[in-house]
Amino acid sequence: MTANDTLQLVLYLAVLLALVKPLGAYMSLAFAEQPNALTRFGAPIERALYRLAGVHVDEEMDWRRYTVALLAFNLAGLVLLYLLQRAQGVLPLDPAHLPGVRADTAFNTAVSFASNTNWQSYAGETTMSYLTDLLGLTVQNFLSAATGIAVLLAVIRGFRRRNAATIGNVWADLTRATLYVLLPLSLLLALALTSQGVIQNLHANLRIPLLQAPATVSAAATQVLPMGPVASQEAIKQLGTNGGGFFNANSAHPFENPTPLSNFLEMLAILLIPAALCWTFGEMVGDRRQGWALLAAMLVIFVPLAVGCIAAEQAGNPALHGLGIDQHASALQAGGNMEGKETRFGIVNSALWATATTAASNGSVNAMHDSFTPLGGLVPLVLMQLGEVIFGGVGSGLYGMLAFAVVAVFIAGLMVGRTPEYLGKKIEAYEMKMASLVVLIPCALVIVGTAVAVLLPAGRAGLGNPGAHGFSEILYAFSSTANNNGSAFAGLSVNTPFYNFTLGAVMYLARYLLIVGMLAIAGALAAKKHVPESAGTLPTHTPLFVVLLVSTVLVVGALTFLPALALGPIAESLSSVVH
Amino acid sequence: MMPSPLRTELAPALRLLLVLTLLTGLVYPLAVTGLAQVLFPRQANGSLIVHGDTILGSRLIGQPFRDPRYFWSRPSATANAPDNGLASGGSNLGPTNPALRAAAARRIAALRAADPGNTAPVPVDLVTASASGLDPDISPAGAAYQAARVARARGLPLGRVQALIAASTRSRQLGVLGEPRVNVLELNLRLDGRWHTSP
């Protein structure tokens, strides 16, 4: 790592952490049950939206009704997005005259955007009309993030409430998350990004002559500049931990991410809400230290992995030795492994982004992970496999981490022989069963999915690279979709019926089975009475608990995935040392 | 038949979906479009380099160059043609894939053929494909490596070419962010004496 690499990493973490409390406090106002200055200010707009939609936000829902309503809302969004894609050819706002999207691709994309995964088996610039971008993809960018926040709010109420039968009103939670948090932040970020050069228009693509006319007649003498409403989608794509690119190259595309400053803002937006929600959580459960402890556990895993990824990429690619290439960092170049990276971002911003986007379940990329060094590419793979709880998705990262916290206090309870408690609630067999399912379902989907794909010719058909790296491509695809991340080792050709259907199913199960499990925990916790702290209570805001939590996350991840990782990136790394 | 609780919730779900779709899918992006077109019209429309009625390119989108008289951009792995604006993306070649080493060797051979006698090690960005396939920049090292070739091909003093490189170079933004870089299209337009009107 160079001195500037370190400086940019430190600056990023400092700005992120400085924003945790202000945004966390703002969100705790937005989601407060008691009226306050913010919600009074927004009340007229809220009421208008509720009246327009004809939903009743005063009635409390038990966990089953909350779950059914949330699943219905998501299913409706998924179906709408599917229909929009299929019908876009006959709908307006399609200046490039793109036809309706193929059924298997449209299914995959609808599940992908509704489930906050934003895995993309298609190339944006030649597949989606502007109308689909606006009314379909942008909308699901918002609503899938709002869904994550809604589930988190329900779980928080589970801890707050005593002997209660209900966990809130889902329509109010979805609307407030959208109106108070996601919309205003997106509007600010979209304009900031436009100032840097992210495009925002509804023009048709522009064909221009190339400066150097090609030597042969057959070569293209012109270039097409793609256009479109990019900034509005880019902003919520990052803030909502979505990650689906307007263009195929995602945030490596200069029209999505034109400058180092736009890159910094987008990278900040990736972790901003998940980090700040830790503070909101602490505030809402009545003990801010609890939120800081969860954030600390996330940072303990994040920082070393970021450093490892930057160092691996900065060291360059040994396979290019002996050709007369200068891979050393200097005042005149970033050096390092520059295959699949942009000059303006260099090594540190590409590797740091890769770490942030897979720590959060964002999945947008500003560099091509498939071309990372074996160990540099191991970092994003591992972060996804840890269950997307190191920051994780908006809402979903924190509720996933809370499932791990439940497991951790349960293990601690077994060790000292007492009934485990967390935040004043007894953790019993039911919560423990649900938390285990939440932790283990994505693991099972990754392992079983990868095994099936590797065994079937249709799964092996699309490999973009030979050997151990090819296996890593498949492992990455299932790790990404089963944890609702959405980034890819993009050499694998996944726009096939086999991958569109299997990965679509994996994304759906991973997202919604976990939501049902977490809401079941929320319902069970809300019904319990409060247990006062006693001498036997394990405090959950201490460094000891942070270590216990981090260990739980790492042990589950390592036990599940080490064999698979050994066959992929570890084998590739060892073979490149041997050669 | 659907279970009845789902049926009960589906109607309000659908209505709220439609209302929030209008808010986030229509009101929000159109508001951003309107504000962007007023506040940052040049950026919102693609940072185009315009001379009179002619669009010379976008400052943000790289173009392919193979003439020794021009500075060459990063290699591009886009489909059908390099720097294809409708097929952004990288090579996705894995680090140990023999095809990656072969591609680098080919690019070195092309650079050396255009500049015989230049035995300096080649800066890595000139022989590796960018992530977008549209990278508008090369590193200052990549520009310095090509300066003598361009000066010779154009019959210009080296110092003049170096001055044009310096004029097309952006240092780290705000002093820390990103990497120093040279905009290739801007530099080549300066060489052609066509960089007058633009930002």
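**Here we look at the overall build of chain A**
Thinking step 1. For chain A, the count of helices and strands is 17 helices and five strands.
Thinking step 2. The buried share of chain A, taken over its 579 residues, is 65%.
Thinking step 3. If you take every contact in chain A between residues at least 6 apart in sequence, the share linking residues at least 24 apart comes to 78%.
Thinking step 4. Accessible surface, chain A as shown: approximately 18,300 Å² in total, 69% of it carbon and sulfur.
Thinking step 5. Placing the 27 positive and 29 negative side-chain charges of chain A at their respective mean positions leaves the two points 11 Å apart.

**Notes on the overall build of chain B**
Thinking step 1. Helix and strand counts for chain B stand at six helices and six strands.
Thinking step 2. Order of helices (α) and strands (β) in chain B, N terminus to C terminus: α-α-β-β-α-β-β-α-α-β-β-α.
Thinking step 3. Over its C-alpha atoms chain B spans a radius of gyration of 23 Å, topping by over 25% the 16 Å that the globule rule assigns to 199 residues.
Thinking step 4. For chain B, the spread of C-alpha atoms along the three principal axes comes to 80 × 45 × 35 Å.
Thinking step 5. Within chain B, the proportion of its 199 residues that are buried is 56%.
Thinking step 6. As presented, chain B carries roughly 7,800 Å² of accessible surface, and 62% of it is formed by carbon and sulfur atoms.
Thinking step 7. Both charge centroids of chain B, one from 20 positive and one from 11 negative side chains, sit 3 Å from each other.

**Looking at the pattern of salt bridges**
A side chain with one charge may pair with a side chain of the opposite charge, provided their charged atoms come close.
Thinking step 1. This model, assessed by the stated rule, comprises 26 salt bridges over all chains.
Thinking step 2. The shortest N-O distance in the salt bridge between E342 of chain A and R344 of chain A comes to 2.7 Å.
Thinking step 3. A residue is classified by how much of its surface remains accessible, and E342 of chain A, at 0% relative accessible area, is buried.
Thinking step 4. Its relative accessible area of 1% is what places R344 of chain A among the buried residues.
Thinking step 5. Across the salt bridge formed by D192 of chain B and R154 of chain B, the nearest N and O atoms sit 3.0 Å from each other. With D192 of chain B in the segment after α6 (184–191) and R154 of chain B in helix α4 (residues 140–154), this residue pair connects regions lying 38 residues apart in the sequence.

**Digging into the interface of chain B and chain A**
Thinking step 1. Listed by partner, the interface residues are 102 residues for chain B and 116 residues for chain A.
Thinking step 2. Per-residue buried area on chain B facing chain A is highest for Y28, N92 and P95 of chain B; these three make up 9% of the total on that side.
Thinking step 3. Notably, a salt bridge pairs E9 of chain B with R65 of chain A, separated by 2.7 Å at the nearest N-O pair.
Thinking step 4. Considering each element in turn, the side of chain B that touches chain A owes the most residues, 25 residues, to helix α1 (residues 4–39) of chain B.
Thinking step 5. A per-class count over the side of chain B that touches chain A returns 55 nonpolar, 30 polar and 17 charged.
Thinking step 6. Examined bridge by bridge, strand β3 (residues 325–326) of chain A and strand β3 (residues 122–123) of chain B share two bridges and lie parallel to one another. Across the sheet, residue D326 of chain A finds its bridge partner in β3 of chain B, namely P123 of chain B.

**Here we look at helix α7 (residues 230–239) of chain A**
Thinking step 1. Within α7 of chain A, ten of the ten residues are buried, leaving the element largely enclosed by the surrounding structure.
Thinking step 2. Looking only at α7 of chain A, the buried set comprises V230, A231, S232, Q233, E234, A235, I236, K237, Q238 and L239 of chain A.
Thinking step 3. Its buried side turned inward, α7 of chain A meets α5 (130–160), α6 (170–196), α8 (260–284) and α10 (348–359) of chain A together with α1 of chain B.

**Some words on the pairing of strand β2 (residues 54–58) of chain B**
All names here are of chain B.
Thinking step 1. Both strand β1 (residues 48–51) and β2 contribute to a ladder of four bridges, which runs antiparallel. Of the residues in β2, the one forming a bridge with I49 is G57.
Thinking step 2. Joining the antiparallel neighbours β1 and β2 is a turn of two residues, in which G52 adopts a positive phi near 60°.

**Notes on unusual backbone geometry**
Residues and elements named next belong to chain A.
Thinking step 1. Here the phi dihedral of L93 falls at roughly 60°; this positive angle occurs in a residue that is not glycine.
Thinking step 2. Topologically, L93 is positioned in the loop between α3 (63–87) and α4 (103–114).
Thinking step 3. Judged by relative accessible area, which is 31%, L93 ranks as partly exposed.
Thinking step 4. Its identity as a non-glycine residue notwithstanding, N484 has a phi of 55°, on the positive side.
Thinking step 5. Along the chain, N484 turns up in the loop between α15 (467–482) and α16 (497–527).

**Details of the sheet that holds strand β5 (residues 169–170) of chain B**
All names here are of chain B.
Thinking step 1. Spatially, the three strands line up as an open sheet ordered β4-β6-β5, and their pairing is antiparallel. The sheet terminates laterally at β4 (137–138) and β5, the two strands that pair on one side only.
Thinking step 2. Across two bridges, β5 lies against strand β6 (residues 181–183) in antiparallel orientation. Following the sheet pairing, R170 is matched in β6 by R181.

**Observations regarding a nonpolar patch on the surface**
Thinking step 1. On the surface, L93 and L202 of chain A together with L22, L26, V27 and L30 of chain B cluster together to form a nonpolar patch covering roughly 460 Å² of accessible area.
Thinking step 2. The residue L26 of chain B is located in helix α1 in this model.
Thinking step 3. Residue L26 of chain B is classed as partly exposed on the basis of its relative accessible area of 33%.

**Section: the packing of helix α9 (residues 288–314) of chain A against helix α11 (residues 374–385) of chain A**
A pair of packed helices can be characterised by two numbers: the angle between their axes and the separation between those axes.
Residues and elements named next belong to chain A.
Thinking step 1. In contact at an axis separation of 7 Å, α9 and α11 are set at 155° when each is read in the N-to-C sense. Viewed along their axes, α9 and α11 adopt a mutual orientation that is roughly antiparallel. Between α9 and α11 lies a crossing whose hand is left-handed. Across from L305, C309, A312 and E313 in α9, the residues of α11 making contact are L375, G376, V379 and L383.

**Description of the packing of α10 of chain A against α11 of chain A**
Residues and elements named next belong to chain A.
Thinking step 1. Contact pair α10 / α11: the axes reach a minimum separation of 8 Å and the direction vectors enclose 15°. As far as their axial angle goes, α11 and α10 are roughly parallel. Read as a crossing pair, α10 and α11 show a hand that is right-handed. Between α10, through A354, T355, T358 and A359, and α11, the contact on the second element is made entirely by V379, P380, L383 and M384.
Thinking step 2. Partitioning the contact of α10 with α11 into residue classes produces six nonpolar, two polar and no charged.

**Digging into the nonpolar core**
Thinking step 1. Core analysis: the biggest nonpolar cluster contains 198 residues, and W171, F302, I390, F391 and Y422 of chain A have the highest contact counts within it.
Thinking step 2. Discounting chain neighbours no more than four positions away, the residues touching I390 of chain A are M298, I301, F302, A359, A360, L383 and V553 of chain A.
Thinking step 3. F65, F71, A151 and L164 of chain B belong to the second-largest nonpolar core, a separate cluster that totals 38 residues.

**Considering the packing of aromatic side chains**
Residue and element names in this part refer to chain A.
Thinking step 1. For the structure shown, the criterion picks out 13 aromatic pairs over all chains.
Thinking step 2. On the numbers, 5.5 Å between centres and 40° between planes, the contact of F107 with F501 is tilted. Separated by 394 residues along the polypeptide, F107 in helix α4 and F501 in helix α16 bring together distant segments of the chain.
Thinking step 3. Its relative accessible area of 43% is what places F501 among the partly exposed residues.
Thinking step 4. Aromatic side chains Y476 and F489 sit 4.4 Å apart centroid to centroid with 15° between the ring planes, which places their arrangement in the stacked category. Highlighted residues: Y476 in helix α15 and F489 in the loop between α15 and α16, separated in sequence by 13 residues.
Thinking step 5. Accessibility expressed as a relative area gives 6% for F489, which makes it buried.

**Points about the domain arrangement of chain B**
Thinking step 1. The domain architecture assigned to chain B consists of domain 1 (5–42) and domain 2 (47–197).
Thinking step 2. With centres defined by C-alpha atoms, the gap from domain 1 of chain B to domain 2 of chain B works out at 41 Å.

**Section: the side chain of N118 of chain B**
All names here are of chain B.
Thinking step 1. Structurally, N118 can be placed in the loop between α3 (98–114) and β3.
Thinking step 2. N118 sits in the buried class, given a relative accessible area of 16%.
Thinking step 3. There is a polar contact of 2.9 Å between the side chain of N118 and the side chain of D115.
Thinking step 4. One polar contact links the side chain of N118 to the main-chain amide nitrogen of A120, over a distance of 3.2 Å.

Quick notes on the rules
Residues numbered from 1 in each chain as written. Chains lettered and ligands numbered in written order. Predicted model: local features only at pLDDT ≥ 70, side-chain atom pairs only at ≥ 80, totals over all residues. Heavy atoms only, no water. Helix = DSSP H or I, 4+ residues; strand = E, 2+ residues; numbered from the N terminus. Buried < 20%, exposed > 50% of the residue type's maximum accessible area, 1.4 Å probe, protein only. Contact = heavy atoms within 4.5 Å. Areas by Shrake-Rupley, 256 points an atom, 1.4 Å probe, with all protein chains shown as cover. Lys, Arg positive; Asp, Glu negative; His and termini not counted. Charge placed at Lys NZ, Arg CZ, Asp CG, Glu CD. Rg over C-alpha atoms; globule rule 2.2 N^0.38 Å. Salt bridge = Lys/Arg side-chain N within 4 Å of Asp/Glu carboxyl O. Buried area = accessible area lost by both parts, 1.4 Å probe. Nonpolar A, V, L, I, M, F, W, Y, C, P; charged D, E, K, R; others polar. Pairing = 2+ DSSP bridges. Patch = residues over 30% accessible without salt bridge, like charges linked within 9 Å, V, L, I, M, F, W, Y side chains within 5 Å. Axes fitted to C-alpha atoms, helices over the stretch in contact; angles between N-to-C directions. Parallel < 35°, antiparallel > 145°, perpendicular 65-115°, else oblique. Left-handed = near helix turned anticlockwise from the far one by under 90°. Core = buried A, V, L, I, M, F, W, Y, C linked by side-chain atoms within 4.5 Å. Phe/Tyr/Trp six-rings, centres within 6.5 Å; stacked < 30°, edge-to-face > 60°. Domains from an automatic or database assignment. Polar contact = N/O pair within 3.5 Å; in protein donor to acceptor, adjacent residues only side chain to side chain.

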